[in-house]
Amino acid sequence: MSNERTILKVIHDPEQSIVGDSVEVFLQNLSGPTAIFLKGKDTSRTRAICTLLHGNEPSGVYAIHNYLALGIEPAVNTLFIVASVQAALSKPAFSHRFLKGKRDLNRCFKPPFDDEQGAIADAILQLIHSVKPEALIDLHNTSGSGPAFGVSIKEDADHLALTSLFTNDLIVTDLRLGAIMEISESDVPTVTIECGGANDTSAKFVAQEGILRYLGADNIRAEMGLDYRVNIFKNPIRLELKQGGIAAYSNDKQSDADITLAENAERLNYGMVPHEEPLAFLGDKGLAVLTAKDYKGTERLGEFFEVSDGQLFSKHPIKLFMVTTSSEIAASDCLFYFIGCNK
Ligand SMILES: [Zn+2]
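Nothing here was measured: the structure is a model prediction, and the numbers come from that model.

Engineer: Which residues make up helix α3 (residues 59-70), and what are the values?
Structural biologist: Its 12 residues place the ends of α3 17 Å apart at the C-alpha level, agreeing with the 16 Å of an ideal helix rising 1.5 Å per residue. Along α3, the residues that are buried comprise Ser59, Gly60, Val61, Ala63, Ile64, His65, Tyr67 and Leu68. At the exit of α3 stands glycine 71, carrying a positive phi of roughly 65 degrees.

Below, the structure is given as structure tokens:
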């Protein structure tokens, strides 16, 4: 059933034997990055769903497996892309964002495509461009626990309508990292849905119910005069550790770390953090280990943060998103995203 491009296997209308009776069996049957086409009632249009760009974010693939196992006929043709199958299967299952030595696949959707991850991203992009779906939803989990939200590079009515099928909050960013949602630029409205934490029960339902709405509706584009009631948060800034910086998660200051955040730092997700609330302990180097550049590349650290008694504080109230409690992700990606709330 696979085409000549083994880099991205293609399956049409999978048999139940491929779907299997568990997500693990399903992924073993796919064995690598796979595109699955499902015939819909209206075969003149296609909608796409991508998931598992990160192998440790399972809500999307659980929801797709559930959808396929139920044997539902979607409203229009559907393309499912299940990406980092090997990373997800690598033991213990669903614990690897990507395989050791490989790049983060959701940073590879821009040239150069000259390594294995780049080639997978390129194959996915080529397939999407050839299919021309009317929309693309990319399903993820946040690394910490928290509510669902969307992320996109556009905030037009179509992107709000798509978001509203899953959640009422949308982060709109001008930052370009090579994420798949950036193909919104080439006229495929795309929203990344962060369904919540990988272990949050609510995340599973966000993905499952969202997929049912997205694939069941006759029309998913914006309709004139409808208010989608989506809150927009523009251009959050990433608080990052500089190269070689070490983050720790503990309720006591760790002497070998440059920054120590609380063990349950993810409770800050989505909340407003007032100036008075310490965010972390800093090591001897203080703020010098941190950087908070906006999408234009301008350093904003000193504008938003200060140190007092070896602890990190925000200068004004800020709202945090995607707070991780993984020191690995803190070092390789970012500590969290934030926006100022002082207006
Ligand atoms: Zn992700």
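Engineer: Before we move on, could you go through the environment of alanine 35 and cite the residues and values that matter?
Structural biologist: With respect to the element layout, alanine 35 can be found in strand β2 (residues 34-38). Assessed through its relative accessible area of 0%, alanine 35 is described here as buried. Remark: the alpha-carbon pair of alanine 35 and valine 82, spanning 47 residues in sequence, is separated by 6.5 Å. Setting aside residues no more than four positions away along its own chain, alanine 35 makes contact with Leu8, Lys9, Val10, Ile11, Leu79, Phe80 and Leu127.

Engineer: Run through the packing of aromatic side chains, naming residues and quoting values.
Structural biologist: Under the defined criterion, the tally for this structure stands at nine aromatic pairs. Seen from their ring centres, phenylalanine 166 and tyrosine 214 are 6.5 Å apart, and the 55 degrees between their planes marks the pair as tilted. Residue phenylalanine 166 is found in the loop between α6 (157-164) and β7 (169-172), and its partner tyrosine 214 is found in helix α7 (residues 201-216); the two are separated by 48 residues along the sequence. The pair formed by phenylalanine 166 and tyrosine 214 is uniform in burial state, with each residue classed as buried. Between phenylalanine 305 and phenylalanine 338, the aromatic rings sit 5.0 Å apart at their centres with planes inclined by 80 degrees, giving edge-to-face as the arrangement. One end of the pair, phenylalanine 305, is in strand β16 (residues 305-308); the other, phenylalanine 338, is in strand β19 (residues 336-340), and 33 residues separate them in sequence. Judged on exposure class, the residue phenylalanine 305 and its partner phenylalanine 338 are both buried. Ring pairs connect the aromatic residues Phe304, Phe305, Phe336 and Phe338, which therefore count as one cluster.

Engineer: Explain the coordination of the zinc ion residue by residue, including any values.
Structural biologist: The coordination sphere of the zinc ion contains the protein donors His54 (ND1), Glu57 (OE), Glu57 (OE) and His140 (ND1), at a distance range of 2.0 to 2.6 Å. The site at the zinc ion holds four donor atoms, and with the angles between them running 56 to 143 degrees, its shape is irregular. Since its relative accessible area comes to 2%, histidine 140 is described here as buried.

Engineer: Break down the domain arrangement of the chain for me, with residues and values.
Structural biologist: Annotation of the chain at the domain level lists domain 1 (9-233) and domain 2 (236-340). For domain 1 and domain 2, the distance between their C-alpha centres works out to 29 Å. Contacts between domain 1 and domain 2 engage 17 residues on the former and 15 residues on the latter. Each partner contributes to the roughly 1400 Å² buried at the junction of domain 1 and domain 2, and carbon and sulfur atoms together form 68% of this total.

Engineer: Lay out the confidence of the model for the chain with the relevant residues and their values.
Structural biologist: Should pLDDT be low for a region, the predicted coordinates there are not to be read in detail. Overall, the prediction assigns the chain a mean pLDDT of 94, with 98% of residues at 70 or greater. Below pLDDT 50 for its whole length, residues 1-5 participates in nine contacts with residues either more than four positions away or in separate chains.

Basis of the calculations
- Residues numbered from 1 in each chain as written.
- Predicted model: local features only at pLDDT ≥ 70, side-chain atom pairs only at ≥ 80, totals over all residues.
- Heavy atoms only, no water.
- Helix = DSSP H or I, 4+ residues; strand = E, 2+ residues; numbered from the N terminus.
- Expected span 1.5 Å × (residues − 1).
- Buried < 20%, exposed > 50% of the residue type's maximum accessible area, 1.4 Å probe, protein only.
- Contact = heavy atoms within 4.5 Å.
- Phe/Tyr/Trp six-rings, centres within 6.5 Å; stacked < 30°, edge-to-face > 60°.
- Donors = N, O, S within 2.8 Å, 3.2 Å for Na, K, Ca; no water.
- Tetrahedral: all angles 85-135°; square planar, octahedral: opposite > 155°, others 65-115°.
- Domains from an automatic or database assignment.
- Buried area = accessible area lost by both parts, 1.4 Å probe.
- pLDDT = per-residue confidence, 0-100.

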